[in-house]
Amino acid sequence: EAGVAQSPRYKIIEKRQSVAFWCNPISGHATLYWYQQILGQGPKLLIQFQNNGVVDDSQLPKDRFSAERLKGVDSTLKIQPAKLEDSAVYLCASSLGGTTNEKLFFGSGTQLSVL
Amino acid sequence: AQTVTQSQPEMSVQEAETVTLSCTYDTSESDYYLFWYKQPPSRQMILVIRQEAYKQQNATENRFSVNFQKAAKSFSLKISDSQLGDAAMYFCAYRSGSGSARQLTFGSGTQLTVLP
């Protein structure tokens, strides 16, 4: 079974530029998550989708971050404009979306460096 | 809000020995789940073991087992017969058992080094 695919793997930009990350979840997974992992910290949830609807985006900095999940499959996360403190690994995860104890499957993340 | 605390930023263990990683959490909920994830340098988070709060029996997965102390809100991971491939960052995580949100709340992680 194919896993969660993310691209690009690395991205280097200058502050105030924009950047986009792409995630393709496991086929059939209704729930999709974007996490931000700053160096030396655990991942922090940015946004959770159930199909193409947003379940939780309370920790998403909406003045600069946006995310969408068209047709309930692929998702993109955008930052515009980027700040130095946005340097982090952005992890995408997916799950079937049925039960609270279900397993989350993670991608390998995109490492963003903002200079 | 729930919080997860891992007080050991780094741990090391000799190959074939046993090591225990600590985790405490804070919650007012009675229905929840606890997880240990492994993150190797490839960055992909891999589920190691999970525990349902309503179960008294500690979860076990091959060489990995947990010591779940609900009253103390403690959830430690024991790795037996440590192998070089166990070297990674380990994260303890919490998930609520109610509501539509399914997100995991992670601790800050413990970097495990396995010495040959």
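Residues numbered from 1 in each chain as written. Chains lettered and ligands numbered in written order. Predicted model: local features only at pLDDT ≥ 70, side-chain atom pairs only at ≥ 80, totals over all residues. Heavy atoms only, no water.

**What about the overall build of chain A?**
For chain A, the count of helices and strands is zero helices and 11 strands. When the elements of chain A are put in sequence order from the N terminus, they spell out β-β-β-β-β-β-β-β-β-β-β. In terms of C-alpha radius of gyration, chain A reaches 13 Å, essentially the compact-globule figure of 13 Å for 115 residues. Projecting the C-alpha coordinates of chain A onto the three principal axes gives extents of approximately 40 × 25 × 25 Å. Pairs at least 24 residues apart make up 53% of the contacts formed inside chain A by residues separated by at least 6 positions. Here chain A has roughly 5500 Å² of accessible surface; of this, 50% comes from carbon and sulfur atoms. Here chain A contributes 12 positive and 10 negative side-chain charges, whose respective centroids are spaced 5 Å apart. (Helix = DSSP H or I, 4+ residues; strand = E, 2+ residues; numbered from the N terminus. Rg over C-alpha atoms; globule rule 2.2 N^0.38 Å. Contact = heavy atoms within 4.5 Å. Areas by Shrake-Rupley, 256 points an atom, 1.4 Å probe, with all protein chains shown as cover. Lys, Arg positive; Asp, Glu negative; His and termini not counted. Charge placed at Lys NZ, Arg CZ, Asp CG, Glu CD.)

**Details of the interface of chain A and chain B**
Counting from both sides, the interface comprises 28 residues of chain A and, opposite them, 22 residues of chain B. Summing the contributions of chain A and of chain B, the shared interface buries around 2100 Å²; its carbon and sulfur component is 47%. Taken together, chain A and chain B are joined by zero salt bridges. There are nine residue pairs in polar contact (both at pLDDT 80 or more) connecting chain A and chain B. Among the elements of the structure, strand E4 (31-37), strand E5 (44-50), strand E6 (53-56), strand E9 (88-95) and strand E11 (110-114) of chain A are those that each provide at least two residues to the side of chain A that touches chain B. Broken down by class, the residue content of the side of chain A that touches chain B amounts to 10 nonpolar, 14 polar and four charged. (Buried area = accessible area lost by both parts, 1.4 Å probe. Salt bridge = Lys/Arg side-chain N within 4 Å of Asp/Glu carboxyl O. Polar contact = N/O pair within 3.5 Å; in protein donor to acceptor, adjacent residues only side chain to side chain. Nonpolar A, V, L, I, M, F, W, Y, C, P; charged D, E, K, R; others polar.)

**Here we look at the pairing of strand E5 (residues 32-39) of chain B**
Residues and elements named next belong to chain B. Here E5 lies mainly inside the structure; eight of its eight residues are buried. On E5, burial covers both faces: Tyr 32, Leu 34, Trp 36 and Lys 38 on one face and Tyr 33, Phe 35, Tyr 37 and Gln 39 on the other are all buried. Here E5 pairs with strand E10 (residues 88-96) via eight bridges, running antiparallel. The residue bridging Tyr 33 from the neighbouring strand is Arg 95, located in E10. Pairing analysis gives six bridges linking E5 to strand E6 (residues 46-52), with the strands arranged antiparallel. If you follow Tyr 33 over to E6, its bridge partner there is Glu 52. From the end of E5 to the start of E6, which pair antiparallel, there are six residues, and Arg 43 there has a positive phi angle of about 80 degrees. (Buried < 20%, exposed > 50% of the residue type's maximum accessible area, 1.4 Å probe, protein only. Pairing = 2+ DSSP bridges.)

**Here's the deal with the state of the cysteines**
By definition, a disulfide links two cysteine residues through a covalent bond between their sulfur atoms. The final tally for this structure, using the stated rule, is two disulfides over all chains. Cys 23 of chain A shares a disulfide with Cys 92 of chain A; S-S distance 1.9 Å. Judged by the torsion about the S-S bond (-70 degrees), the Cys 23 of chain A/Cys 92 of chain A disulfide is left-handed. Here Cys 23 of chain A, found in strand E3 (residues 19-24), pairs with Cys 92 of chain A, found in strand E9; they are 69 residues apart in sequence, far enough to count as distant. Judged by relative accessible area, Cys 23 of chain A falls into the buried class, the value being 0%. With relative accessibility at 0%, the residue Cys 92 of chain A sits in the buried group. At a sulfur-sulfur separation of 2.0 Å, the disulfide partner of Cys 23 of chain B is Cys 92 of chain B. With the S-S bond torsion at -70 degrees, the cross-link from Cys 23 of chain B to Cys 92 of chain B turns out left-handed. A residue pair is termed long-range when its members are at least 10 positions apart, and Cys 23 of chain B in the loop between strand E3 (19-21) and strand E4 (24-26) and Cys 92 of chain B in strand E10 qualify at 69 residues. The exposure class of Cys 23 of chain B is buried, given its relative accessible area of 1%. (Disulfide = S-S within 2.5 Å.)

**A closer look at the pattern of salt bridges**
All names here are of chain B. Tallying each qualifying case throughout the model produces five salt bridges over all chains. Note that Asp 26 and Lys 73 form a salt bridge whose closest N and O atoms lie 3.7 Å from each other. Residue Asp 26 is found in strand E4, and its partner Lys 73 is found in the loop between strand E8 (64-69) and strand E9 (74-79); the two are separated by 47 residues along the sequence. A relative accessible area of 41% places Asp 26 in the partly exposed class. We classify Lys 73 as partly exposed; its relative accessible area is 25%.

**Comments concerning the environment of Leu 21 of chain B**
Here Leu 21 of chain B lies in strand E3. Separated by 57 residues in the primary sequence, Leu 21 of chain B and Lys 78 of chain B have C-alpha atoms spaced 6.5 Å apart.

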